Amino acid sequence: MSTKNEQLFLQAKKHIPGGVNSPVRAFAGVGGTPVFMHKAAGSKIYDTEDKEYIDYVGSWGPMILGHAHPKVIDAVKAAADDGLSFGTPTTFETSVADTICDIVPSVEMIRMTSSGTEATMSAIRLARGYTGRDKIVKFEGCYHGHSDSLLVKAGSGMLDIGEPTSQGVPADFAKHTITLPYNDPQAVKDCFEKWGDEIACVIVEPIAGNMNMIVPTQEFHNTLREQCTQGGAVLIFDEVMTGFRVGLRGAQGHFGIKPDLTCFGKIIGAGLPVGAFGGKREIMECIAPMGGVYQAGTLSGNPLAMRAGIAMFEDLTVDGFYEGVADKVTYLVDGIQATADKQGIELRSTKLGGMFGLFFVKDSETQVPQNFDEVTACDMDKFNTFFHGMLERGIYLAPSAYEVGFMSSKHSTEDLDATIKAAAEVFAEMAA
Ligand code: PLP
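Residues numbered from 1 in each chain as written. Predicted model: local features only at pLDDT ≥ 70, side-chain atom pairs only at ≥ 80, totals over all residues.

Under an unreviewed UniProt entry, the name given to the protein chain is Glutamate-1-semialdehyde 2,1-aminomutase, and the source organism is Psychrobacter pasteurii. The record in UniProt for the protein chain states the following under Cofactor (unreviewed entry): "pyridoxal 5'-phosphate". Annotation of the protein chain in UniProt includes, under Subcellular location (unreviewed entry), the sentence "Cytoplasm". (UniProt positions renumbered as here; feature names shortened; annotations may be inferred.)

For the rest of this paragraph, the subject is the site of the ligand. Near the ligand, the surroundings consist of 16 residues, among which Ser115, Gly116, Thr117, Gly145 and Val240 are the closest. Of the residues that constitute the shell around the ligand, the class distribution is four nonpolar, ten polar and two charged. (Near = placed C-beta within 6 Å. Nonpolar A, V, L, I, M, F, W, Y, C, P; charged D, E, K, R; others polar.)

Turning next to helix α11 (residues 321-342). Over its 22 residues, α11 runs 32 Å from end to end, which matches the ideal 32 Å to within 8%, given 1.5 Å per residue. Along α11, the residues classified as buried are Tyr322, Val325, Lys328, Val329, Leu332, Val333, Ile336 and Ala340. Here the buried residues of α11 occupy an arc of 130° about the axis, which is enough to place them on one side. Opposite its buried face, α11 presents the exposed residues Glu323, Gly324, Asp327, Asp341 and Lys342, each directed more than 90 degrees away. Taken together, the buried residues of α11 touch β14 (347-352), β15 (355-360) and α14 (413-431). Phi turns positive one or two residues past the end of α11, at Gly344, with a value near 70°. (Helix = DSSP H or I, 4+ residues; strand = E, 2+ residues; numbered from the N terminus. Expected span 1.5 Å × (residues − 1). Buried ≥ 20, exposed ≤ 12 C-beta atoms within 10 Å, placed from the backbone. Arc of directions from axis to C-beta. Contact = placed C-beta atoms within 7 Å.)

In this structure's numbering, the residues bearing the UniProt feature "modified residue: N6-(pyridoxal phosphate)lysine" (unreviewed entry) are Lys266. Relative to the assigned elements, Lys266 resides in the loop between β12 (261-265) and β13 (275-279). Residue contacts for Lys266: discarding those within four places in its chain leaves Trp60, Gly61, Pro62, Gly116, Val240 and Met241.

Core analysis: the biggest nonpolar cluster contains 121 residues, and Ala123, Ala127, Cys201, Val202, Val234 and Ile236 have the highest contact counts within it. For this core, the leading source of residues is helix α10 (residues 303-316), giving eight residues. Lining this core are residues from two domains, each supplying at least three of them: domain 1 (4-68 + 319-431) and domain 2 (70-316). Beyond its immediate chain neighbours, meaning those up to four positions away, Ala123 contacts Ile236, Leu261, Cys263 and Phe277. Within the second largest apolar cluster, five residues are counted, among which are Leu150, Leu151, Val169 and Ala174. (Core = buried A, V, L, I, M, F, W, Y, C linked by C-beta atoms within 7 Å. Domains from an automatic or database assignment.)

Moving on to the sheet that holds strand β3 (residues 52-55). A sheet is described by the order of its strands in space; here four strands give the open sequence β1-β2-β3-β16, paired in mixed fashion. Edge positions in the sheet fall to β1 (37-41) and β16 (395-396), since each of these pairs with one other strand and no more. Bridge count for strand β2 (residues 44-47) against β3 is three bridges, and the pairing is antiparallel. By the bridge assignment, Lys44 is partnered in β3 with Ile54. (Pairing = 2+ DSSP bridges.)

This paragraph deals with the pairing of β3. Here β2 folds back onto β3 in antiparallel fashion, the turn holding four residues, of which Asp50 has a positive phi close to 65°. Of the strand pairs in this sheet, β3 and β16 are connected by two bridges, and their pairing is parallel. Note that in β16 the partner of Asp55 across the bridge is Tyr396.

With that settled, consider the packing of helix α2 (residues 70-81) against α10. Packing of α2 against α10 brings their axes to within 8 Å, and their N-to-C directions diverge by 150°. Judged by the angle between their axes, α2 and α10 are roughly antiparallel. Where α2 crosses over α10, the handedness of that crossing is right-handed. Residues Lys71, Val72, Ala75, Val76, Ala78, Ala79 and Ala80 of α2 form the contact with α10, whose own contacting residues are Pro303, Leu304, Arg307, Ala308, Ile310, Ala311 and Met312. Here the residues of the contact of α2 with α10 sort into twelve nonpolar, no polar and two charged. (Axes fitted to C-alpha atoms, helices over the stretch in contact; angles between N-to-C directions. Parallel < 35°, antiparallel > 145°, perpendicular 65-115°, else oblique. Left-handed = near helix turned anticlockwise from the far one by under 90°.)

Before going further, it helps to examine the domain arrangement of the protein chain. Domain boundaries in the protein chain define domain 1 (4-68 + 319-431) and domain 2 (70-316). Between domain 1 and domain 2, the contact holds 27 residues from the first and 30 residues from the second. Taken together, the elements giving at least two residues each to the side of domain 1 that touches domain 2 come down to α11, β14, β15 and α12 (372-376). Of the residues in the side of domain 1 that touches domain 2, the class split is 18 nonpolar, eight polar and one charged.

Glancing now at the sheet that holds β15. Taken in spatial order, the three strands of this open sheet run β14-β15-β17, and their pairing is antiparallel. Across the chains shown, the open sheet's two edge strands, defined by having one partner strand only, are β14 and β17 (405-406). Relative to β17, β15 is paired through two bridges, and the arrangement is antiparallel. Within β17, the position partnered with Met355 by the bridge is Phe406. Contacting β14 and β15, α11 crosses the sheet at an angle of about 170° to β14.

So, about the confidence of the model for the protein chain. Mean pLDDT over the protein chain stands at 95; residues scoring 70 or higher make up 97%. Model confidence for the complex: the whole-complex pTM is 0.96, and ipTM, which rates the interface, is 0.99. (pLDDT = per-residue confidence, 0-100.)

The next subject is α2. If you check α2, its first and last C-alpha atoms are 16 Å apart, about what twelve residues at 1.5 Å a residue would give, namely 16 Å. Within α2 the residues assigned to the buried category are Val72, Ala75 and Ala79. Down the axis of α2, the buried side of the element spans an arc of 60°, and every buried residue falls inside it. The exposed residues of α2 that point more than 90 degrees off its buried face are Pro70, Lys77, Ala78, Ala80 and Asp81. Note on α2: the residue one or two positions beyond its end, Gly83, has a positive phi of about 110°.

This is the structure we're talking about:
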C-alpha cells in the first residue's frame, strides 16, 4: 500500500516534470518521497495528513520571523485588498529601497526583481555593461540561481575556463565564466594575474550556503576586495541567502567588506517572490532608464511583496533580534554536536546568525569542510540516514547534504530540545 505522499507524488508527476517546480524538492539526494505540505505557522509546518514538523528549511530561508507571522499576513491581506499589481511606481517600493539603503552602507541605490536568479543575472549584466568586459569569476560550490552564465563549474585543475553543468547552456556562454576553488586567496590572485583586465566581476556567496555551509576566511574576502579594486572589476556579493539572515548587515557586515554590488532575495519579501540588486550609485546609474544596461520586470517591486517586506523589517530592526536568533542556533547546534560527540558520531558543525551547517565526516581526523571538494568528501549516506530519522520524528531538515539549516525567531526552547532529543535517538540508531 502506498502512502498518501507517494500517491500525491505520482499524481504530481503526471503533469509536472519530476513532480516538483524546483529540483531540490524532489528528495533526489536523500531518496524517498517528498512530503507534501499544506500549511505552516510559527516554527511548524504541516503535511496533508496534518502531521506536524519542526521546520528548519523556512521555505529555503525567507521565514526568519516564522511562518504566517500575523503582522506579515495582515500586511499582505491589506495589500491584496488594494489590488495585486499596478505596473506603476508605488511608495512601497520607495520604502523598501530606503530601508535597505539605510541599513546596508554599500547599497546606495537598489532595483527590485521577482527572484534571486533575476537579481544575480542582472547584477552580472550591469557589471559587464559598466566595465565593458565579458569574463566573470565565480566559485566552485556557490549557487547564484539558474541563469546561463552561472550554471558553470570548474574543470580539473586550479584555474579553468568553465564548462556548462546544465544541458542547454551554450559552451560559448560558459567560456566567459571562470570558476575558482572557494576560500582560496591564492587562486584569486593567480586568476587576476592571468586575466585581470578582462574580468568584469567576481560574484561570490560571501558565506556559502549552497554546499552545506562554509564561513570563509577573512583573508579570502580581503583578497577579493583588493584584487577587484586593483583590477577594475566589480565585486558582487550574492547575499540572496545571507542578507538579513546572518545579521542585519548580512555577511558584508560580518566581514567588514564593502562590495560594489549586492544581490538580495528570500528574506526581503518575507516569503513572497522577490529579489533585488543594489550598490554603488555610479554603477547602478548605468541601468535603464538612466543608462544603457537593460533590466526590467512586469511584477518587479510587486506591492504584496513590498508590503510584506516592510512589515517584516519592523521586527528585523528591533534591537537584539539577530542576537536572539543566533542564540537559538547556538543552543541547537551545540546540543546536537554534544550528543553526536557522546555517541561517537563524526559530526562537524558550523553556524552564524540564523544559519547552520551539519557535516557527517568520514573519520575523526577530518575537520569542518572549507571548500567544495571537502564537502563532497563527506559521508552522504550518513546524512541521508540522519535526514530520514529526523523526518520520521517530525523534524524537517533540508533534503540534501548540500543545504543549510535556517532558524526563525519563533523556534522555542521546547522545539530545540525536541530536535536535540530526536538527533540523539537517530545517532543512537546510527551508532548501533
Ligand atoms: N543566490 C543564492 C545564494 C541562492 O541561495 C539562491 C537560491 O537559493 C539564488 C541566488 C537564486 O534565488 P531564486 O531561487 O529566488 O531565484
